[in-house]
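Chain residues, written in single-letter form:
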Amino acid sequence: MIYIENTYICLVAPLLLVCLILRKRTGRSLLFIIFGMTSCLLSAYVSTLFAGLTQTDMAEATYQISPAVEEIMKFLPMLFYLLVFNADRKSAVNGMMLIAAGFATFENVCYLTANGSEDLVSLLIRGFGTGAMHIVCGMVVAIGLYLLWEHPWLRAVGTFAVICFAITGHAMFNVIVGRPGLSLWIGSALPITILIIFYLVLFPLTDT
Amino acid sequence: MIETIENAFQGGVVGVCTLIALATALKKRDRSWAMLFFFYADYLFGNLFWQICLLYFGKTPRITIVSDLSWYAAFLFLYLLMKMEGDKLGRRTVGIGKIAPYAAFLFSFGMAVFFMQIGGYVSNLIYAVFAGLMIYQALNGLFLSENIRQKRRLSFLCTVALLFMIFEYGSSVASCFWNSPVAKNLYYVSDLLMTLTFPLFMLALKREVES
């Protein structure tokens, strides 16, 4: 049994303290990472609750319940930021990516605590595969926000639709990496490949 | 066997459409094409998830929330696409055109009551909301494009969306009577026709952008 709350406190405490000293923009970025970690912690509770309510076993919950809960929880801090602080398009997009990175980091730390740190290869696959998947999902939501920013109704409906898209991608990833061997390798390589394609195709476009 | 071929055909067609829409969205940097890409990708993901579950676990998912959300999202993107294209005209519906599109919800909720005889209540109600919304927007677009030069462009997109929904409902109704061979054939025909509507969206949008 691992106590993820304790792990969470150890990780978040120094970040939270440094937020008090840092300047506005950097501090805000760090806060997004902390929000991502918090979302991950809360997702674990909510997923367990829904798995219990729907009488789903652990394996089924990882591809049926967790993706939906995690993607929604990941978006909640951003929703709060959008509604309360009247955020601009660019900071919302960046924030979404940082939340995803924070989420993936905390999930990896929990995996490390639960499964040990002896096997470097599996940790590499896990670290990059899951990390990339969370960032790709965050990026999809960020792109959706960016594209549909102009009208509030468009943003609301479109964001819901983009989150649904991310949930399905996340669920497929969980099914594929759930089986060891070639399936795990392919599943982990997919989000990394998508991320590289994004970097090569989309970034030059945003520069122009 | 025929089901596998039919699924593979649909997957192939939607997959190709997804890639073309993505390439066009990046090339033209056009929001409408991005919406179309998300529509295709969501529909494809919903089907893919279903097929992956079949492949990995030998059974369809017990809780269908993931696939359902994906298909609902596909409907929403199509709704957004039609709404955005309709808004470009800067017109409002008048007279019967103001009320008639609401018939979409009567239809979708009527169908939901029928589906509830076999399936769950909540999932069918949610489906009715999303399907109703899409049919409403398609009908609204048809009324919006009345008596104007751009008529052919918007009405083509909305007509394809309506056809898509008719075949979607056709295959859903047929699947309710799966034991009957006639219904089984009807299901495959409806699904095949629905697959053929996917490339038509791109043709419709091409007209839209050219306008």
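Because the structure is predicted, anything quoted here is derived from the model rather than measured. (Residues numbered from 1 in each chain as written. Chains lettered and ligands numbered in written order. Predicted model: local features only at pLDDT ≥ 70, side-chain atom pairs only at ≥ 80, totals over all residues.)

Caption draft 1: Representation of the overall build of chain B within the structure. Broken down by element type, chain B carries 8 helices and 0 strands. For chain B, the N- to C-terminal ordering of α and β elements is α-α-α-α-α-α-α-α. A globule of 211 residues ought to have a C-alpha radius of gyration of about 17 Å, and chain B, at 17 Å, matches this closely. A principal-axis box enclosing the C-alpha atoms of chain B has dimensions of 50 × 40 × 30 Å. Looking at chain B as a whole, 41% of its 211 residues are labelled buried. Expressed as a percentage of contacts within chain B between residues at least 6 apart in sequence, the contacts between residues at least 24 apart total 70%. (Helix = DSSP H or I, 4+ residues; strand = E, 2+ residues; numbered from the N terminus. Rg over C-alpha atoms; globule rule 2.2 N^0.38 Å. Buried ≥ 20, exposed ≤ 12 C-beta atoms within 10 Å, placed from the backbone. Contact = placed C-beta atoms within 7 Å.)

Caption draft 2: Representation of the overall build of chain A. Each helix and strand in chain A was counted, giving 8 helices and 0 strands. N-terminal to C-terminal, the α/β element order of chain A is α-α-α-α-α-α-α-α. Computed over the C-alpha atoms, the radius of gyration of chain A is 17 Å, within 12% of the 17 Å expected from 2.2 N^0.38 for a compact globule of 208 residues. Its C-alpha atoms give chain A principal-axis dimensions of about 45 × 35 × 35 Å. Residue burial in chain A is summarised as follows: out of 208 residues, 38% are buried. In chain A, the proportion of contacts linking residues at least 24 apart, taken out of those at least 6 apart, comes to 69%.

Caption draft 3: Structural view of the confidence of the model for chain B. Chain-level statistics for chain B give a pLDDT mean of 85 and a share of 94% at 70 or above. Put simply, helix 4 (residues 96–99) of chain B is where chain B has its lowest mean pLDDT, 78, and helix 5 (residues 103–116) of chain B is where it has its highest, 92. (pLDDT = per-residue confidence, 0-100.)

Caption draft 4: Representation of the environment of A:Val109 within the structure. All names here are of chain A. Inspection of the secondary structure assignment puts Val109 in helix 5 (residues 89–115). For Val109, a count of 17 C-beta atoms within 10 Å corresponds to the partly exposed category. Residues Val109 and Gly127, 18 residues apart in the sequence, show an inter-C-alpha distance of 9.3 Å.

Caption draft 5: Molecular detail of helix 4 (residues 66–85) of chain A. Residues and elements named next belong to chain A. The end-to-end C-alpha distance of helix 4, which contains 20 residues, comes to 29 Å, matching closely the 28 Å that a straight helix rising 1.5 Å per residue would cover. Along its length, helix 4 shows its largest kink, about 30°, at Leu76, and proline Pro77 lies within four residues downstream of that point. Following helix 4 by one or two positions, Asn86 has its phi on the positive side, about 50°. (Expected span 1.5 Å × (residues − 1). Bend = angle between axes of the 7 residues up to and from the residue.)

Caption draft 6: Structural context of the nonpolar core. Grouped together as the largest cluster of nonpolar side chains are 111 residues, with contacts concentrated most on B:Tyr40 and B:Phe77. Non-local contacts of B:Tyr40, meaning those with residues more than four positions away in its chain, are made with B:Val14, B:Cys17, B:Thr18, B:Ala21 and B:Phe198. (Core = buried A, V, L, I, M, F, W, Y, C linked by C-beta atoms within 7 Å.)

Caption draft 7: Molecular detail of the interface of chain B and chain A. With 25 residues of chain B at the contact, the number on the chain A side is 24 residues. Among the elements of the structure, helix 2 (31–57) and helix 3 (65–88) of chain B are those that each provide at least two residues to the side of chain B that touches chain A. Top element by residues in the side of chain B that touches chain A is helix 2 of chain B. It accounts for 12 residues. Per-class residue counts for the side of chain B that touches chain A are 20 nonpolar, 2 polar and 3 charged. (Nonpolar A, V, L, I, M, F, W, Y, C, P; charged D, E, K, R; others polar.)

Caption draft 8: Molecular detail of the packing of helix 2 of chain B against helix 3 of chain B. All names here are of chain B. Contact geometry of helix 2 with helix 3 gives a least axis separation of 8 Å together with a crossing angle of 165°. The angle between helix 2 and helix 3 places the two elements in the roughly antiparallel class. Every pair of crossing elements has a handedness; the one defined by helix 2 and helix 3 is left-handed. Residues Ser32, Met35, Leu36, Phe38, Phe39, Asp42, Tyr43, Phe45, Gly46, Phe49 and Trp50 of helix 2 touch helix 3, and the partners they reach there are Val66, Ser67, Ser70, Trp71, Ala73, Ala74, Phe77, Leu78, Leu80, Leu81, Met84 and Glu85. Of the residues contributing to the contact of helix 2 with helix 3, the split by class is 17 nonpolar, 4 polar and 2 charged. (Axes fitted to C-alpha atoms, helices over the stretch in contact; angles between N-to-C directions. Parallel < 35°, antiparallel > 145°, perpendicular 65-115°, else oblique. Left-handed = near helix turned anticlockwise from the far one by under 90°.)

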